[in-house]
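Residues per chain are reported as follows:
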Amino acid sequence: MDRSVVGSRRERKQGIVAVCGVKNSGKTTLLAVLLEELSRRGLKTAVIKHDGHDFSCDIEGTDSYRLKEAGAYGTAVFSDNRVFIHKTGRKETLEALIGMFPEADLIFLEGMKDSCYPKIEVIRKGISGSPVSNPEGRFLIVTDTDRTGYGEETAGFEEIDRIIEKILEETAD
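The following paragraphs examine the structure supplied in this document. (Residues numbered from 1 in each chain as written. Predicted model: local features only at pLDDT ≥ 70, side-chain atom pairs only at ≥ 80, totals over all residues. Heavy atoms only, no water.)

Quick look at the nonpolar core
Operational definition: Residues grouped as a nonpolar core are buried Ala, Val, Leu, Ile, Met, Phe, Trp, Tyr and Cys residues, joined through side-chain atoms within 4.5 Å. Burial classes follow relative accessibility: with a 1.4 Å probe on protein chains only, a residue under 20% of its type's maximum area counts as buried, one over 50% as exposed, and anything between as partly exposed. In this description a helix means any DSSP run of H or I spanning at least four residues, a strand means any run of E spanning at least two, and both kinds are numbered starting from the N terminus.
Formed by 22 residues in total, the largest nonpolar core has its most connected members in Leu 30, Leu 34, Phe 108, Ile 120, Ile 163 and Ile 167. Among the elements of the structure, β1 (15–20), α1 (27–40), β5 (106–110), β6 (119–123), β7 (138–143) and α4 (160–170) are those that each provide at least two residues to this core. Of all hydrophobic cores here, the second largest spans ten residues; its members include Ile 16, Ile 98, Ala 104 and Leu 109.

If you want it as structure tokens, here you go:
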């Protein structure tokens, strides 16, 4: 099958893949390259990133920031091309967050190493040496280390086409 052009959303189920690994292992870097290529191929993608700490997502000085700081539970800013929603969390489930992207062909979860979702683990020389994720669902290790010692399927960071093929196989109907 020619994967350079992906069929309509009706021809493909929504895929979910976690990209996990220890801090600074290259998860975001790998995702950025994958997203660029998947978008080029016509797939609509989304990313849900887990952050173990609290974070700020609005820009100080903007109207929405001022309104949120004044006590609004949530704010939304939209235009013809963009939507930004900021609301106080209520310990939303991952499933609820996934439900916010019904039009996505592929949703990547950055982090979620303990989940049972299909997952790619990133192992970077000098940062980590062995897998730290729940092995259930792990279908690929992406690494810049010697790939023979893992006993699992591996790919190098430069093998983007191969990584994408594995993702598409894993998320196929």
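A short note on α4
The test is simple: Any two residues whose heavy atoms approach within 4.5 Å at even a single point are treated as in contact.
Those residues of α4 not exposed but buried are Ile 160, Ile 163, Ile 164, Lys 166, Ile 167 and Leu 168. Those residues of α4 that are buried lie in contact with β1, α1, β5, β6, β7 and β8 (154–155).

What to know about the pairing of strand β3 (residues 74–78)
Every other side chain in a regular strand lies on the same face of the sheet, so the side chains alternate between the two faces. As a reminder of what qualifies: Only when DSSP finds a minimum of two bridges between them are two strands counted as paired.
Sheet analysis places β3 next to strand β4 (residues 83–87), joined by five bridges and oriented antiparallel. Counterpart to Ala 76 in the pairing with β4 is Ile 85.

With respect to the sheet that holds strand β2 (residues 45–49)
What counts, and what does not: Every axis corresponds to a line fitted to the C-alpha atoms, with the helix fit spanning only the stretch in contact, and the corresponding angles, defined between N-to-C directions, vary from 0 to 180 degrees.
Ordered by their spatial adjacency, six strands build an open sheet running β2-β5-β1-β6-β7-β8, and the pairing between neighbours is parallel. Both edges of this open sheet fall to β2 and β8, since each of them pairs with a single strand only. Two elements, β2 and β5, share five bridges in a ladder whose sense is parallel. For Thr 45, the partnering residue across the bridge sits in β5 and is Leu 106. The sheet contacts of α1 involve β1, β2, β5, β6 and β7, and relative to β5 the element is tilted by about 170°. Together, β1, β5, β6, β7 and β8 form the strand contacts of α4, whose direction differs from that of β7 by roughly 170°.

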